[in-house]
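Summary of structural features
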Amino acid sequence: MKHGVTISQAAAFAGVTVKTVRHYHKHGLVEEPRRDSSGYRRYGSAELLRLVQVRTLAAAGVPLAEIGPMLGADAEQFAAAIADVQRRLTERIEDLIARRDRLHRLADGDGVLLPDRARAFLDRLPDFGLSAENIAQIRDGLVLARALVPEGFDDYLTEVERALGDTKFVELSKRAWEAAAWAPDDPRIEELANATVDHFLENPGLLAILTSFQGRSEDAAARYGMISRYGKNRSPAWARLTKLIEKKLHSAGVPIPNQ
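Residues numbered from 1 in each chain as written. Predicted model: local features only at pLDDT ≥ 70, side-chain atom pairs only at ≥ 80, totals over all residues. Heavy atoms only, no water.

1. A closer look at the nonpolar core
Heads up, the rule is: By nonpolar core we mean a set of buried residues, namely Ala, Val, Leu, Ile, Met, Phe, Trp, Tyr and Cys, connected to one another through side-chain atoms within 4.5 Å. Burial classification: accessible surface area is computed with a 1.4 Å probe over protein chains only, and a residue below 20% of its type maximum counts as buried, one above 50% as exposed, and the rest as partly exposed. Helix and strand assignments come from DSSP, with helices taken as H or I runs of at least 4 residues and strands as E runs of at least 2, each series counted from the N terminus.
Of all hydrophobic cores here, the largest spans 40 residues; its most connected members are Phe-121, Leu-122, Leu-125, Ile-138, Leu-142, Leu-241 and Leu-249. Of all the elements in the fold, those that place two or more residues in this core are α6 (116–124), α7 (132–148), α8 (150–163), α9 (167–179), α10 (187–202), α11 (207–211) and α13 (236–251). Core analysis: the second largest hydrophobic core is formed by 19 residues, Val-21, Leu-48, Val-54 and Met-70 among them.

Structure (structure tokens):
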């Protein structure tokens, strides 16, 4: 009578596939039995026990590279190794939960890209007469700003929220959005640039909107330039308007980075 079972039977008893058993052999986790007189490898009780132990640890999340040392450790070392695996699994679970929550918020549009405070700010903008297209462009600008200068984003948002209480600022901002559709040589562009600069200089608190992202890092100017160019790329008229505003403010001593 032949003792032991074949690899397919051993795999079935342990609840794994034959491929998995061979994978364990390859990694040295389960010793490969010798062949019997008929040329078959026969798995005895010791090999089956080891196979079950390896499968159980692997299914629990223990990396294969760590299973061998764990099975050869004493009780105290084994418990410490298990605790370490539990800690790492907990971190992975927390990361997966966070990813799941981000995916859930993606269904709501800007949930992953912008914090609740920024989304609440955007929700207020229709009350100021801004179109859905304007708000979408503002949203994209906020996403870019938060990504490039995250440490200055909250300060920037605070200043913009405060500026919404300035009726003149809101009026000038609305005209600026309208200017995007003007011809780049429209004389109203320079008039609007002058009016905007005058209002900023008369109300220095508004300048914080423009300077919130500056001085935060060694490449602050480059980051600010990326944010600024996003607006300029929307239309030639907008590009001319923002360039005029920046130039006039810079001439007045406001620290606007050179683009």
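There's more to say after this.
2. A few points about the side chain of Thr-196
To be explicit about the condition: Every residue pair with non-hydrogen atoms within 4.5 Å of one another is taken to be in contact.
Take Thr-196: it is sitting in helix α10. When near neighbours in sequence (up to four residues on either side) are disregarded, Thr-196 contacts Leu-172 and Ile-245.

3. Digging into α7
Note the following rule: Here the expected span of a helix is defined as 1.5 Å times the quantity of residues minus one.
Between the first and last C-alpha of α7 there are 24 Å, a value that for 17 residues agrees with the 24 Å anticipated at 1.5 Å per step. What α7 keeps buried is the set Asn-134, Ile-135, Gln-137, Ile-138, Gly-141, Leu-142, Val-143, Ala-145 and Leu-148.

4. Focus on α8
Heads up, the condition is: Throughout, the arc means that of the directions going from the helix axis to the C-beta atoms.
The end-to-end C-alpha distance of α8, which contains 14 residues, comes to 20 Å, matching closely the 20 Å that a straight helix rising 1.5 Å per residue would cover. Within α8 the residues assigned to the buried category are Gly-152, Phe-153, Tyr-156, Leu-157, Glu-159, Val-160 and Ala-163. The arc enclosing the buried residues of α8, seen along the axis, measures out at 165 degrees, which places them on a common side. At its buried positions, α8 is contacted by α6, α7, α9 and α11.

5. Quick notes on the packing of aromatic side chains
Each aromatic ring pair is characterised by the separation of its centres together with the angle its planes make. Rules: Pairs were defined over the aromatic rings of Phe, Tyr and Trp, the Trp ring being its six-membered one, requiring ring centres within 6.5 Å. Orientation was assigned from the angle between planes: stacked under 30 degrees, edge-to-face over 60, tilted for the rest. Geometrically, a charge over a ring is one whose NZ (Lys) or CZ (Arg) sits within 6 Å of the ring centre while staying within 35 degrees of the ring normal.
Following the criterion strictly, the structure yields two aromatic pairs and no others. Relative to Trp-238, the ring of Trp-177 has its centre 4.8 Å away and its plane inclined at 45 degrees; by these criteria the two rings are tilted. Taken together, the residues span a long stretch of sequence, with Trp-177 in helix α9 and Trp-238 in helix α13 at a distance of 61 residues. For Trp-177, a relative accessible area of 13% puts it in the buried group. Exposure remark for Trp-238: the relative accessible area of 10% places this residue in the buried category. The aromatic ring of Trp-182 is capped on one face by Arg-188, whose charged end is 4.0 Å from the ring centroid.

6. A closer look at the packing of helix α1 (residues 7–14) against helix α3 (residues 45–59)
Test applied: Lines fitted to C-alpha atoms define the axes, with helix axes restricted to the stretch in contact, and inter-axis angles between N-to-C directions lie between 0 and 180 degrees. To sort the angles, those under 35 degrees are grouped as roughly parallel, those over 145 as roughly antiparallel, those from 65 to 115 as roughly perpendicular, and the leftovers as oblique. Throughout, a crossing is termed right-handed when the near helix is turned clockwise from the far one, and left-handed when it is turned anticlockwise from it by less than a right angle. Think of it as three bins: nonpolar holds Ala, Val, Leu, Ile, Met, Phe, Trp, Tyr, Cys and Pro, charged holds Asp, Glu, Lys and Arg, and polar takes everything else, Gly as well.
Axis separation between α1 and α3 bottoms out at 10 Å; the angle between their running directions is 45 degrees. Here α1 is positioned oblique relative to α3, judged by the angle of their axes. Crossing handedness for the pair α1 and α3: right-handed. Across the interface between the two elements, Ala-10, Phe-13 and Ala-14 from α1 touch Leu-48, Leu-51, Val-52 and Arg-55 from α3. For the contact of α1 with α3, the class distribution of residues is six nonpolar, no polar and one charged.

7. A short note on the pattern of salt bridges
Let me state the cut-off plainly: Just to be clear on terms, a salt bridge is a Lys or Arg side-chain nitrogen sitting within 4 Å of an Asp or Glu carboxyl oxygen.
Under the counting rule described, the total for this entry stands at 15 salt bridges. For Arg-117, the salt bridge identified is with Asp-154, shortest N-O distance 3.9 Å. Of this pair, Arg-117 sits in helix α6 while Asp-154 sits in helix α8; the two residues are 37 residues apart in sequence, bridging distant segments of the chain. Residue classification places Arg-117 among the partly exposed residues on the basis of a relative accessible area of 30%. Between Arg-188 and Asp-186 there is a salt bridge, and its shortest N-O distance comes to 2.8 Å. Overall, the relative accessible area of 13% leaves Asp-186 in the buried class. Three or more residues are tied together by salt bridges with common partners; here these are Glu-66, Asp-84, Arg-87, Arg-88 and Glu-91.

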